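Structural overview for review
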Amino acid sequence: MADALLTLEGVHTHIGPYHILHEVSFAVPRGGVTMLLGRNGAGKSTTLRTIMGLWKASRGQITFDGRPIQGLATPDIARAGIAYVPENMGIFADLTVAENMRLAATNGPFDEKRLTWIKELFPPIGTFWDKAAGTLSGGQKQMLSVARAIIEPRRLILIDEPSKGLAPAIIAAMTAALKQLKDTDTTILLVEQNFAMASALGDTVAVMDDGRIVHAGAMAELAADASLQEKLMGLSLEVHQ
Amino acid sequence: MSETAIRPRLVGPTATERLGKAAPLLLAPVLALIGLAAIGNPSVWLTLTVAGLAMGLMIFIMASGLTVVFGLMDVINFGHGAFVSVGAFVGFTVLAWLSGWTQNPAVVLNLAAVFLAILASMAVTGALGLAFERVIVKPVYGHHLKQILVTMGGLIVAQQLIHVIWGPDAIHVARPPSLQGSFIVGEAAIEKYRMLAVAIGLVLFLAMRHVLRATKLGLLVRAGVENGEMVEALGYRINRLFLLVFMAGSALAGLGGIMWGLYQETITAHMGSEIMVLVFVVVIIGGLGSIEGCFIGALLVGLLANYMAFLAPKAALVSTIALMVAILMWRPQGLYPVVKAK
Amino acid sequence: MINTLLSGDRPNSRPLALLLIAIGLCLAFAPFLFPGTKPLDTAARICIFIVLVASYDLLLGYTGIVSFAHTMFFGIGAYGVALALGSLGASFLAILVGVLAGTALSCALALAIGLFSLRVKAIFFAMVTLAVASAFAVLVSQLSFLTGGEDGLTYRIPRELTPAFRLTDLRIFDVRIDGRLLAYYLVFFSALALFLVMLRIVNSPFGTTLKAVRDNAFRAEAIGYRVVRYRTTATVLSAAMASLAGALLAIWIRYTGPATTLSMEIMIDILLMVVIGGMGTMYGAVIGASLFILAQTYLQSLMASAEAATRGLPLLPDLVAPERWLLWLGTLFVLSVYFFPDGIVGRLRNRG
């Protein structure tokens, strides 16, 4: 596989007595957007959390830029260069937008140019800069969550269902922002159920079902093959355009 | 982005919401006024109010560590009283060593002695907190029942060790001369030591607020109280933060202990566990994890205890419980519950 | 038949069963095996505390509720009998009235507490019970016109239960069959009966549901069990049993005061007994109570000799002084939470 930034090989995850991930293997190529698709409960979030060290992989190997990370503690994985945008956004409601961003900037003071670019991508960040993050709407919180992940350059960003529960117009804004992000040479691993968003952004795709990888390959291939889409996800691209 | 027609609206809080937020702040002043009405005599009221503030602030100092530890680490430390007792005894020992200063009428020497005693108390209890967290608490993260049991066990062992080191009897702690006696304000006698306690308590409260609001450490604590996992995912080693906060909480308890010891002028091994009932009440009233709530709760408890000691001494503790129950009926999670992102 | 008596909850371990039988026999024949006031008193206390600790195990081990108000119910039961005997005279009727009144009050309070726990989280609940129990103890000390305050109440018990009464002039194994012996057997058989009742409760469908609620209240509620009802019922039952234990204590020592029933020390002792014995097992209460009270009574003399023997050495005499026995028990307690989370019973069961 051409220059993979992140590889999972034979990863299993158990949560208590439950065996959630089975033999999960796929690669995230450097510099593109890899989509992780699948139905509810397929194990996509668990995969991201396992990469991040929030659940420990019981078996298998996870390699990031040549370095095994499957046994490391979450803070160390983060410091290795991976940012995480969780499903519930992980916004600190009691802190202001500024304070949320401040915490995320672990390498020191803000890069003003980068901050300006982020405020252009996501205007609410600027508007609500001194307001408590808990007062933001769902879409604005999602923007803040992504903004936090990119305030400093990271090599890999894991994003879990950024479009969940958002109005279509906001989704469109988010997609446009992520496209811009993609152009800055950041590698993104994106979990989504919204296939339209997925096909607009993704270069490679892995599909999960029941804790297993059931398909992996180029996005263009999957987008063109309606019957494969239906087989894997029970839907076709036209319906969701 | 300019294609979207969604303009951000800055929706401010409604009047009801604002009142709801402000209501807890009014509780202490309202209680003070009720006290004035019930007591009648303004000089007596003033004396009692200062006493209540002093006591309340000392309890706040002890309770603040407990509430932040619970909010941040989800650890319930029933052994917190041990730090209070140890702090008191260590402070007493230092004061006994410095008897040259404590028996000298000069204010500067007296205050210096008390200050050194406080430093020693905080250092020892902070170190004890380190040991306590690593050895006793860490193995039982996440198991509340076990935490309650082992920390109580730790408390028992600590109290017994105090008996071993300092003997089984209660020890009298004399206040240095310049801290004895009272200021006379009109017809009211206001004890000098209580003024000092109020001053120290307020300084600490403001310092804590500053640390929480204006420093990176405070930011981490506030974020950690809400969502420890996310803090880790941002790259911070939260276990170190836990340890630091636990030690700070223990040191504060030690400070509270020596101050309480000087307030009561007697120290016993179980003074810590005796005051823990009030500390728990304050933490419950304030809401687990909230310094502001703890502060208000402590003032309420301090004021109520002193007013009732004057008005109806037999009903003092019961009235404190009644206050707690009443507040829980109004806000089941305390005045300022921290909303955990789970 | 043993199976029915034990409600199907067999010890399931040879060493455990032997230990329990040994304890049972010693308690049953205590007046004959260990003649003298002190041993008999120790045996009676063991019987009483077995009931008290078992009732706490019902709450903590089987329902998963941490409460520090247990001594409050113990005290109410004791004071109920004390007040009745004091005001109605030394008769069995008075005892009955006292028992009923005490138990009724305990149940009512337990109901209130149980319903209150609806509104607050588990950790809050534990702290609230601590505060309430402390307030209650203080209140009792202060209402001295009613409760005798710090000094407590002394009263007379029915003549049939006093040493002055002779059932028969015969002696069995050189032991007089007097009222004291009868009092002991009243305590023993009551305790036995109450213990067996609790064993039946925890092995009934109710008990099984309690354990389900303890392990996963959310799921239990989802399946259709009204968690609040089960928890409240368990609280009330536990309180009633504690109350009855208190009544037995009041009859046995003919004195009731805050120090013997309401103190925090007793609450901590109960915790020690239930954890060291084994939570959620009932038999743990038997082992824990026996071990603890024997240690409390006899270990201290041992420690006194040790103190005398080590006199002159630096720290040692202070550490082994009999007043410091809680130091060692506290350490044992902490160690057992880490290393024997299932208590002695659990340990024996895993081996056997």
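Quantities reported herein were computed from a predicted structural model and do not represent experimental measurements. (Residues numbered from 1 in each chain as written. Chains lettered and ligands numbered in written order. Predicted model: local features only at pLDDT ≥ 70, side-chain atom pairs only at ≥ 80, totals over all residues.)

Regarding the overall build of chain B
Counting secondary structure elements, chain B contains 13 helices and four strands. By the compact-globule yardstick of 20 Å for 342 residues, chain B fits well, its C-alpha radius of gyration being 21 Å. Its C-alpha atoms put chain B at 80 × 50 × 35 Å along the principal axes. Counting only residues that meet the buried cut, chain B has 54% of its 342 residues in that class. Look at the contacts in chain B between residues 6 or more apart in sequence, and 78% of them connect residues 24 or more apart. (Helix = DSSP H or I, 4+ residues; strand = E, 2+ residues; numbered from the N terminus. Rg over C-alpha atoms; globule rule 2.2 N^0.38 Å. Buried ≥ 20, exposed ≤ 12 C-beta atoms within 10 Å, placed from the backbone. Contact = placed C-beta atoms within 7 Å.)

What about the interface of chain A and chain B?
Between chain A and chain B, the residue contacts involve 24 residues of the former and 19 residues of the latter. When contributions to the side of chain A that touches chain B are tallied by element, the ones reaching two or more residues are helix H2 (74-79), helix H3 (97-104), helix H5 (123-127) and helix H7 (168-183) of chain A. Here the residues of the side of chain A that touches chain B are counted per class, giving 15 nonpolar, five polar and four charged. (Nonpolar A, V, L, I, M, F, W, Y, C, P; charged D, E, K, R; others polar.)

Brief notes about unusual backbone geometry
Within the chain, Glu23 of chain A stands out as a residue other than glycine whose phi angle is a positive 45 degrees. Within the secondary structure, Glu23 of chain A is located in strand S2 (residues 18-29).

Here we look at the packing of helix H14 (residues 264-277) of chain C against helix H17 (residues 325-339) of chain C
Two quantities define a packed helix pair, namely the angle between the axes and the distance from one axis to the other. Residue and element names in this part refer to chain C. Contact geometry for H14 and H17: axes closest at 9 Å, N-to-C directions at 45 degrees. Considering their axes alone, H14 and H17 lie oblique with respect to each other. Regarding H14 and H17, the two cross each other, and that crossing is left-handed. Judged by residue contacts, Leu272, Val275 and Ile276 of H14 engage Leu329, Leu332, Phe333, Ser336 and Val337 from H17. The residue inventory of the contact of H14 with H17, partitioned by class, reads seven nonpolar, one polar and no charged. (Axes fitted to C-alpha atoms, helices over the stretch in contact; angles between N-to-C directions. Parallel < 35°, antiparallel > 145°, perpendicular 65-115°, else oblique. Left-handed = near helix turned anticlockwise from the far one by under 90°.)

Structural notes on the domain arrangement of chain A
Residues and elements named next belong to chain A. Under the domain assignment used here, chain A contains domain 1 (1-81 + 155-167 + 182-241) and domain 2 (88-153). Taken together, the contact between domain 1 and domain 2 spans six residues of the former and six residues of the latter. Looking at side-chain class alone, the side of domain 1 that touches domain 2 contains five nonpolar, one polar and no charged residues. (Domains from an automatic or database assignment.)

Things to note about the packing of helix H5 (residues 70-88) of chain C against helix H6 (residues 92-116) of chain C
All names here are of chain C. Where H5 contacts H6, the two axes come as close as 7 Å, and the packing angle between them is 145 degrees. Where H5 crosses over H6, the two elements pack in a sense that is right-handed. Between H5 and H6, the residues in contact are Phe73, Ile76, Gly77, Tyr79, Gly80, Val81, Leu83, Ala84, Leu85 and Leu88 and Ala94, Ile95, Val97, Gly98, Val99, Ala101, Gly102, Thr103, Leu105, Ser106 and Ala110, respectively. Its residues placed into classes, the contact of H5 with H6 shows 15 nonpolar, six polar and no charged.

Notes on the environment of Gly31 of chain A
With respect to the secondary-structure elements, Gly31 of chain A resides in the loop between S2 and strand S3 (33-38). Those residues in contact with Gly31 of chain A that lie beyond four places of it in its chain are Asp185 and Thr187 of chain A.

Some remarks on the interface of chain C and chain B
Contact with chain C, which involves 32 residues of that partner, is made by 29 residues of chain B. Only helix H7 (122-142), H14, helix H16 (316-320) and H17 of chain C provide two or more residues apiece to the side of chain C that touches chain B. A total of 14 residues in the side of chain C that touches chain B trace back to one element, the largest contributor, which is H7 of chain C. The class makeup of the residues in the side of chain C that touches chain B is 24 nonpolar, four polar and four charged.

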